[in-house]
Amino acid sequence: MAKKARKVTIVGSGLVGTACAYSMINQSICDEIMMIDRTYDRAVAHALDLSHCMDFTQARTKVSAGRLEDCRDMDVVVLTAGANPKPGQTRLDLLEEAEKITRDIVSRIVAGGFDGVFVVAANPVDIVTYIVREVSGFPRNRVIGTGTSIDSARLKTLLSEVFSIDPRSVNGYAMGEHGESQFVAWSHVTIGGKPLLHILEQHQERFRHVNLDEIAQKTKDAGWEIFTRKGNTQFGIGNALAYIVRSILNDEHKIIAVSAVLEGEYGQAGVCAGVPAIIGDGGIEEVLELNLTWEEQGKFTRSCEILKTAIANLRT
Ligand SMILES: NC(=O)c1ccc[n+]([C@@H]2O[C@H](COP(=O)([O-])OP(=O)(O)OC[C@H]3O[C@@H](n4cnc5c(N)ncnc54)[C@H](O)[C@@H]3O)[C@@H](O)[C@H]2O)c1
């Protein structure tokens, strides 16, 4: 019986793109990966290197190098082409260059006949995701940014250390911008299904040392902590990308905090921001609207306003 091959393109064969490819190969997430880079030799070299993993993996993933115009048959295109902030810059400072790169890449991919799902990691990811939607003209469900998926993972890791619990037994989200204005929706953080705020109230003495503001700040700063030491982050985001792609290709309906184009959810439209969403073979199947507290909703609105201002500045 002929089985349809699951195919993924990764644009940007740098640290994030190759971490994503490596993660997908080791988890047997797809059948074929095409690596693309503006330096073609780099894509070819990584494709060769990655293809030599195969003797040691559970299933074969064919890896090749290709060009933007070759994405017609792909199920997913992952966008990691871009730059990292220089010392003293924020992710938003990358915007001008990112817009140029993204417009060129996306228009060429779409002109080549690609009709699958875009998954975006390039920074500033919320705005790049918005630009991808705009340039591609795709319905909003087929354009997904990694958003606050990585921040949510960092939050769970921090909480797992504080509470001596497996991070996968913690549920909760960082929301809003993947950047300075993100926040933790504490009202929806649970450990083993029990609301964290109830746990703290019930065991005041035992968890007296737990400082939620500090944990939220550490969540936000985690990327910078890595960045100031080695100048990039790659493995966490590589796995986040692979996790999103897996949920699409296997139609898993995982709930992941991704950057989604908002169409009225949380009172927002005309912007992409980190929200929990159900990810399946159609891309974003549904954006979850949590009942945020008044204060959390205020933080979400503020974060979206910052992103909207950045988008508006691009147009002037
Ligand atoms: N969303 C997140 O959480 C997150 C985390 C880490 C990094 N990032 C972002 O991911 C992007 C990549 O980071 P990295 O560390 O892999 O950088 P990198 O410099 O290692 O790799 C980027 C690659 O993109 C390629 N490239 C640039 N312009 C291109 C174009 N027009 N067409 C094809 N290829 C092109 C470069 O040649 C390079 O190989 C950056 O924008 C970075 O800020 C996002």
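Located above this text is the structure these notes cover.
In short, a report on the structure.

The rules behind the values
Residues numbered from 1 in each chain as written. Predicted model: local features only at pLDDT ≥ 70, side-chain atom pairs only at ≥ 80, totals over all residues. Heavy atoms only, no water. Helix = DSSP H or I, 4+ residues; strand = E, 2+ residues; numbered from the N terminus. Buried < 20%, exposed > 50% of the residue type's maximum accessible area, 1.4 Å probe, protein only. Contact = heavy atoms within 4.5 Å. Areas by Shrake-Rupley, 256 points an atom, 1.4 Å probe, with all protein chains shown as cover. Lys, Arg positive; Asp, Glu negative; His and termini not counted. Charge placed at Lys NZ, Arg CZ, Asp CG, Glu CD. Axes fitted to C-alpha atoms, helices over the stretch in contact; angles between N-to-C directions. Left-handed = near helix turned anticlockwise from the far one by under 90°. Nonpolar A, V, L, I, M, F, W, Y, C, P; charged D, E, K, R; others polar. 1 Å grid on protein atoms, 1.4 Å probe; cavity = no way out; pocket = protein on both sides within 12 Å on 5 of 7 lines; lining within 4 Å. Points joined across faces, edges and corners; volume = space filled by probe spheres on them. Near = heavy atom within 4 Å. Polar contact = N/O pair within 3.5 Å; in protein donor to acceptor, adjacent residues only side chain to side chain. Sits in = over half its atoms within 2 Å of the grid points. Salt bridge = Lys/Arg side-chain N within 4 Å of Asp/Glu carboxyl O. Expected span 1.5 Å × (residues − 1). Bend = angle between axes of the 7 residues up to and from the residue.

Regarding the overall build of the protein
Counting its secondary structure elements, the protein contains nine helices and 14 strands. In terms of its C-alpha atoms, the protein occupies a principal-axis envelope of roughly 60 × 50 × 40 Å. Taking all 316 residues of the protein together, the buried fraction comes to 54%. Within the protein, counting contacts between residues at least 6 apart in sequence, those at least 24 apart form 71% of the total. Put simply, the protein shows about 14800 Å² of open surface, and 49% of that area lies on carbon and sulfur atoms. Charged side chains in the protein number 34 positive and 40 negative. The centres of these two groups are separated by 3 Å.

Section: the packing of helix H3 (residues 95-111) against helix H4 (residues 125-136)
For the pair H3 and H4, interaxial distance at closest approach is 9 Å and the crossing angle is 35°. Crossing of H3 over H4 shows right-handed handedness. Along its contact with H3, which presents Leu 95, Ala 98, Glu 99, Thr 102, Arg 103, Val 106, Ser 107 and Val 110, the element H4 presents Ile 127, Val 128, Ile 131, Val 132, Glu 134, Val 135 and Ser 136. Its residues assigned to classes, the contact of H3 with H4 shows nine nonpolar, three polar and three charged.

Brief notes about empty space enclosed by the protein
The gaps left among the atoms become clear once a water-sized probe is rolled over them. All told, the structure shown has one cavity of 30 Å³ or more when counted by the stated rule. Of the volumes computed, that of the largest cavity is approximately 40 Å³. What lines the largest cavity is simply Leu 79, Ala 81, Thr 102, Ile 105, Ala 122 and Val 128. Of the residues in the lining of the largest cavity, the class split is five nonpolar, one polar and no charged.

Structural notes on the site of the ligand
Near the ligand lie 23 residues; those nearest to it are Leu 15, Val 16, Asp 37, Asn 84 and Ala 121. Measuring from an oxygen atom of the ligand, one finds a backbone N or O atom of Val 16 at 2.8 Å. Against a free-state accessible area of 860 Å², the protein chains account for coverage of 90% of the ligand. The cavity that encloses the ligand is the largest pocket. Sorting the residues of the shell around the ligand by element identifies helix H1 (15-26) and H3 as the ones contributing at least two each. Partitioning the shell around the ligand into residue classes produces ten nonpolar, ten polar and three charged.

Digging into the pattern of salt bridges
Within this structure, the stated rule accounts for 18 salt bridges. Taking the shortest distance from any N to any O, the salt bridge between Lys 4 and Asp 75 comes out at 2.9 Å. Of the two residues, Lys 4 sits in the segment before strand E1 (7-11) while Asp 75 sits in the loop between strand E3 (62-65) and strand E4 (76-79), which places them 71 residues apart along the sequence. By relative accessible area, which is 60% here, Lys 4 ends up exposed. Two residues, Asp 104 and Arg 108, come together in a salt bridge whose shortest N-O distance is 3.3 Å. With Asp 104 and Arg 108 both in helix H3, this residue pair falls four residues apart, about one helical turn. Note on Asp 104: relative accessible area 38%, which makes it partly exposed. What you see here is one network of salt bridges that share partners, running through Glu 69, Asp 104 and Arg 108.

Regarding helix H7 (residues 212-230)
The terminal C-alpha atoms of H7 lie 27 Å apart, and with 19 residues this matches the ideal 27 Å at 1.5 Å per residue to within 8%. The sharpest bend along H7 comes to roughly 45°, located at Asp 221. Taken together, the buried positions of H7 are occupied by Leu 212, Ile 215, Ala 216, Thr 219, Lys 220, Ala 222, Gly 223, Trp 224 and Phe 227. Contacts from the buried residues of H7 go to helix H5 (149-163), strand E9 (183-184) and helix H6 (196-202). Where H7 begins, the side chain of Asn 211 points an oxygen toward the backbone nitrogen of Asp 213, at a separation of 3.1 Å. Once H7 ends, the next one or two residues include Gly 231, with phi positive near 80°.

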